[in-house]
Amino acid sequence: MRVARVALDVPLCTLFDYAMPEEYRLAPDSLVGRRVVVPFGRARSVGIVLESDVEAHVAERRIRAIGRVFDDEPPLPGDVLEVLRFASDYYHHPVGQVLLNALPQKLRRVPVRDGSRATKAAAADTAQRVTPPAESAAAAPEPQLTGAQQRAVHAVLSSRDTFAPFVLHGVTGGGKTEVYLQVVAELLRRGRQALVLVPEINLTPQLTERFRGRFPGVTLVTLHSHLAEGERMRAWRAAQDGVAAVVIGTRLAVFAPLPRLGAIVVDEEHDASYKQQEGLRYSARDLALLRAKLRGVPVVLGSATPSLESYANAMGGRYRLLELPSRPGARLPAVRCLDTRGQRLWHGLSGALLEALQARLERGEQSLLFVNRRGYAPVLMCLACAWTSPCTRCSARLVLHTSERRLRCHYCGHEEAVTRVCPTCGNQDLTPAGHGTQRLESALREALPAARVLRIDRDTTRRRDAFATMQARIRANEVDILVGTQMLAKGHDFPRLTLVGVVNADGALYTSDFRASERLYAQLTQVAGRAGRSELAGEVLIQSNFPTHPLYEAVCRQDYAAFATGALDERRQLGFPPYSHHALLRAEAARRERVDDYLARAAEAGAALRFPVEIYDPVPPLVARVGGRERGQLLVQSSSRNELQRFLSAWYPQLEGTATRSVRWSLDVDPLEV
Ligand SMILES: [Zn+2]
Ligand SMILES: [Zn+2]
C-alpha cells in the first residue's frame, strides 16, 4: 500500500504511515511539507508530511487516514525540511520533535474550530499581517563606504545565486553593520529576502531600528523566543508568504521558511548563544551554512573575533576572509594592562584605574567598568576556618547580594538570609571575598561621590523594558559610570563612552576548559570595543596580575590574527577542535552512583562497538551537583566527523537501552563546554 509518512511531536526516531487523501493521489509530491491533522492513539495530532507515495512499513489494516490537510497554507519548503532532517540526524534528536518544535506554537496544535471557520480566521490573519509600507517616512541616507567595506559588499553580491561562505572579520566599530545593510539593499532591489541572525534578543531592537531607518517602506519582521505567540506566528507567516523582505532573529529564525531567500548574515558568529543548550542542541551558525548551501546563496559570518573554527576554515581556503581593519571616522582605543601585582586594591580597584575614572568624570565623559560577576562578592568567607558559603543543593558557592541582604545560588536559584556567624566555627568576622558588580558599584559611589553610577546586570534588568530604559539614560548622558557584566560587552554603541576598565579577568587564564582563552579574548575585545566609537578617543585599562601573558599582549595590540594563529597551533598540537570532533554524553540523577553506573556502562558499550573514536573516562563537570541532582559526562573524540557520526548512530540505541527511569541523559554534538 502507498502511504504518506508523517513526523509527529513524539520522542521517537521514527515517522508514521497514513493513508494519503484522495485528492493528492495524482500529485503526491505536493503533499510533502504540508501540515496535517492525523489520528494518533486515541487523540488527534498535528504532524508534517515528510514523504509521500511510499510503500507502507506497517500492515494495511493498521493504517489510518490523514484527517485534514492544511492546504490553505504553503508547505514547508524543501530546504527547511532538509535542514531539519539533517539536524535530527546530526544531533541525534527525534525527527518529529525537531520538525514540530521549529514551528510557532500555534501551528503545533490541532485547531479547535472546524475547517471553514479556520480558513476565515486565516484570511483575517493575512489581512492583518501585511504591513502597509510607510511611504511618507524618508530613508536614512547611505553613508560613504570605506574601500574595505566596498570590497566586502562587492564580494558578497557578486556570488549571485551560488553558495559562498564569507568570514567578515571587522574590528569593533569597523562598520560590519553597514556592509550588511548595503548587501541587503541590493538584495531588495533584486526582489529577494534576507535572513539576519543575531545572538541575543537584547540586540534585535537596535539592529531592527537601523534596518527600519534605512528601508522604511519594506516589511521587516523579527523572530525570537520572547515574542507573544500571535506575534511570532504572524512574523513566521510573513516570512513564509514572502511578504517580509527582511527577517531579523535569534537562532530559531534559521528555520524560518523564506521562498525568495537571497543571502544569510550571521552577526557575532562566534557567540555561544548560537548553540542551543537543551533539547535539540543545534548550532544555528552551522545550520545557516547548510541552508545557504542548499539554497545556493552567500552566507556572511561577521565578527571582530571569529570563532577559531570559522577562522581555520578561512585560513584553509574553504571560506573567504573579508577584513575591515579600521574604524571609519574614529580610531581604535588604546588598550593597556595595569599591573596589579603587589598593589593594594580598594574593593578590587587600583589607584590608576580610579584616577582614570576621575579624569573622565571631570571631562564629562562616560566610563564602563566591566566585571564578569554579578552580585556583591562571589562568596562570604570565614577567615578563621576558611568556610565559604556553600549551596546545600549544588557543588557551588552562594553569591553575596548585599542590596537584598541575601545569599543566592547562581546555578539553582536557592536563596538564604546572610548569616552573621560562621556556621562551622562560630567566628563572627565573615568577609566578602572577591568582587561582583554590586560591590564595585558601592565602592565607586564611595570613591567618586559626584559620579552617577548605573549597574547593568541580570539582577537590574529583570523587568521587560529595564534594559531599553537604561540605554536611553546612557544616551541622554544621565550616567557617568556604567558597571556591568558581559551584557554590556556586545554590540552597544555609546558615543560619549571613552574609558573601559576591566577587573578580575585573570580567572579564565587558568581554567581547564580549552575554550576559555578564546572566550576571554573575544570578551575583552568586545568590551574594549565599547570605548571611543565617536570622535572622542578611547582608552581601555585591564587590571591583571599577569600583564605579560601572550593573550593580554594580543588584546593590547588588538592583533586577532596573532592570537588566533597561536591558539590554533596549540589546538592542533593537542588534537582539539577544530582538528578533531567532539560529542558529549551528559547524564544526571538524584544519586551519584546511578550517574557513574550509567556512564560506565555507556563507555563499555561504546568501546565494544570498535569504532576509530576515542572514548574518555566519565568525569563530573565543573559543578557536579546542581539543584540536588548529580551530574556526569563522557567525552567522545574523533579526527573524522563521519566516523564520529557513524559511531553515534550505532551507540544511540544502546544509550537508550541501558538508561533507567532515574537517569536523564542527553547527547551534545559539537559541545561548547567539555
Ligand atoms: Zn569559621
Ligand atoms: Zn544551588
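Just so you know, these numbers come straight off a predicted model, no measurement behind them.

Points about the overall build of the chain
Line of reasoning, step 1. A count of helical and extended segments in the chain gives 17 helices and 29 strands.
Line of reasoning, step 2. Taking 26 Å as the expected radius of gyration for a compact globule of 674 residues, we find that the chain reaches 27 Å, a close match to that expectation.
Line of reasoning, step 3. Out of the 674 residues in the chain, the part that is buried amounts to 53%.
Line of reasoning, step 4. Considering only residue pairs separated by 6 or more positions, the chain has 76% of its internal contacts joining residues 24 or more positions apart.

Section: unusual backbone geometry
Line of reasoning, step 1. Note that the residue after Pro577, namely Pro578, is joined by a cis bond; omega there is 10°.
Line of reasoning, step 2. Tracing the backbone shows Pro578 in the loop between helix 15 (560-574) and strand 25 (581-589).
Line of reasoning, step 3. Even without glycine at this site, Asn477 takes up a positive phi of about 65°.
Line of reasoning, step 4. Structurally, the position occupied by Asn477 is in the loop between helix 12 (466-475) and strand 22 (481-484).
Line of reasoning, step 5. In this structure Asn477 comes out as partly exposed when scored by relative accessible area, which is 28%.
Line of reasoning, step 6. Of note in this structure, Asp670 is not a glycine but carries a positive phi near 55°.
Line of reasoning, step 7. Mapped onto the secondary structure, Asp670 falls in the segment after strand 29 (664-669).

Brief notes about the packing of helix 4 (residues 147-158) against helix 5 (residues 176-189)
Line of reasoning, step 1. Put simply, helix 4 and helix 5 touch, their axes get as near as 9 Å, and they point 40° apart. Relative to helix 5, the element helix 4 lies oblique. For the crossing formed where helix 4 meets helix 5, the hand is right-handed. Where helix 4 approaches helix 5, its residues Gln149, Ala152, Val153, Val156 and Leu157 are matched on the opposing element by Glu178, Val179, Gln182, Val183 and Glu186.
Line of reasoning, step 2. In terms of residue class, the contact of helix 4 with helix 5 is made up of six nonpolar, two polar and two charged.

Concerning the coordination of the zinc ion (ligand 2)
Line of reasoning, step 1. Around the zinc ion (ligand 2), the protein contributes the donor atoms Cys391 (SG), Cys394 (SG), Cys409 (SG) and Cys412 (SG), which lie 2.3 to 2.4 Å from the metal centre.
Line of reasoning, step 2. Considering all four donor atoms around the zinc ion (ligand 2), the spread of angles at the metal, 102 to 114°, places the coordination shape in the tetrahedral class.
Line of reasoning, step 3. One chain supplies every donor for the zinc ion (ligand 2), spaced along it as C-x2-C-x14-C-x2-C.

Let's talk about the sheet that holds strand 18 (residues 406-408)
Line of reasoning, step 1. Strand order in the open sheet formed by three strands is 17-18-19, and the pairing between neighbours is antiparallel. A single partner strand is all that each edge strand has here, and the edge strands are strand 17 (399-401) and strand 19 (415-417). For this sheet, the mean angle separating the axes of adjacent strands, direction not counted, is 30°.
Line of reasoning, step 2. Inspection of the sheet shows strand 17 paired to strand 18 by three bridges, in the antiparallel sense. By the bridge assignment for strand 18, His401 is matched with Arg406.

Observations regarding the sheet that holds strand 15 (residues 366-370)
Line of reasoning, step 1. Strand order in the open sheet formed by six strands is 14-24-23-15-22-21, with parallel pairing between adjacent strands. A strand with exactly one partner marks an edge of an open sheet, and here the two such strands are strand 14 (334-339) and strand 21 (453-456). Going across the sheet, the axis of each strand differs from the next one's by a mean of 20°, ignoring polarity.
Line of reasoning, step 2. Sheet contacts for helix 10 (residues 351-363): strand 14, strand 15, strand 22, strand 23 (497-502) and strand 24 (539-544); angle to strand 23, the most-contacted strand, approximately 165°.
Line of reasoning, step 3. Relative to the sheet, helix 12 contacts strand 15, strand 21 and strand 22, its axis offset from that of strand 21 by approximately 150°.

Looking at the coordination of the zinc ion (ligand 1)
Line of reasoning, step 1. Ligation of the zinc ion (ligand 1) by protein atoms is provided by Cys382 (SG), Cys385 (SG), Cys422 (SG) and Cys425 (SG), these donors lying 2.3 Å from the ion.
Line of reasoning, step 2. Classification of the site at the zinc ion (ligand 1) rests on its four donor atoms, whose angles at the metal span 105 to 114°, yielding the label tetrahedral.
Line of reasoning, step 3. Of note, the donors binding the zinc ion (ligand 1) are all from one chain and are spaced C-x2-C-x36-C-x2-C.

Side note on helix 13 (residues 516-528)
Line of reasoning, step 1. Between its first and last C-alpha atoms helix 13 spans 18 Å; for 13 residues at 1.5 Å apiece the expected length is 18 Å, and the two agree.
Line of reasoning, step 2. The buried fraction of helix 13 is high, at eleven of 13 residues.
Line of reasoning, step 3. Turning to helix 13, its buried residues number three or more, namely Ala516, Glu518, Leu520, Tyr521, Ala522, Gln523, Leu524, Thr525, Gln526, Val527 and Ala528.
Line of reasoning, step 4. On the buried face of helix 13, the contacting elements are helix 9 (308-315), strand 15, strand 23, strand 24, helix 14 (550-557) and helix 15.

Focus: the side chain of Gln543
Line of reasoning, step 1. If you trace the backbone, Gln543 turns up in strand 24.
Line of reasoning, step 2. Since its relative accessible area comes to 5%, Gln543 is described here as buried.
Line of reasoning, step 3. Side-chain polar atoms of Gln543 contact the backbone oxygen of Gly348, separated by 2.9 Å.
Line of reasoning, step 4. The contacts of Gln543, once residues within four sequence positions are left out, are Leu338, Thr340, Gly348, Leu349, Ser350, Leu353, Val502, Val503 and Asp506.

With respect to the pattern of salt bridges
Line of reasoning, step 1. Under the counting rule described, the total for this entry stands at 48 salt bridges.
Line of reasoning, step 2. One salt bridge connects Glu186 with Arg189, and the closest N-O pair in it is separated by 3.0 Å. You can see Glu186 and its partner Arg189 sitting in helix 5, three residues apart, about one turn around the helix.
Line of reasoning, step 3. We note a salt bridge from Asp668 to Arg281, for which the minimum N-O separation is 3.9 Å. Note that Asp668 is positioned in strand 29 and Arg281 in the loop between strand 11 (261-267) and helix 8 (284-295), a separation of 387 residues in sequence. Judged on exposure class, the residue Asp668 and its partner Arg281 are both buried.

About the cut-offs
- Residues numbered from 1 in each chain as written.
- Chains lettered and ligands numbered in written order.
- Predicted model: local features only at pLDDT ≥ 70, side-chain atom pairs only at ≥ 80, totals over all residues.
- Heavy atoms only, no water.
- Helix = DSSP H or I, 4+ residues; strand = E, 2+ residues; numbered from the N terminus.
- Rg over C-alpha atoms; globule rule 2.2 N^0.38 Å.
- Buried < 20%, exposed > 50% of the residue type's maximum accessible area, 1.4 Å probe, protein only.
- Contact = heavy atoms within 4.5 Å.
- Axes fitted to C-alpha atoms, helices over the stretch in contact; angles between N-to-C directions.
- Parallel < 35°, antiparallel > 145°, perpendicular 65-115°, else oblique.
- Left-handed = near helix turned anticlockwise from the far one by under 90°.
- Nonpolar A, V, L, I, M, F, W, Y, C, P; charged D, E, K, R; others polar.
- Donors = N, O, S within 2.8 Å, 3.2 Å for Na, K, Ca; no water.
- Tetrahedral: all angles 85-135°; square planar, octahedral: opposite > 155°, others 65-115°.
- Pairing = 2+ DSSP bridges.
- Expected span 1.5 Å × (residues − 1).
- Polar contact = N/O pair within 3.5 Å; in protein donor to acceptor, adjacent residues only side chain to side chain.
- Salt bridge = Lys/Arg side-chain N within 4 Å of Asp/Glu carboxyl O.

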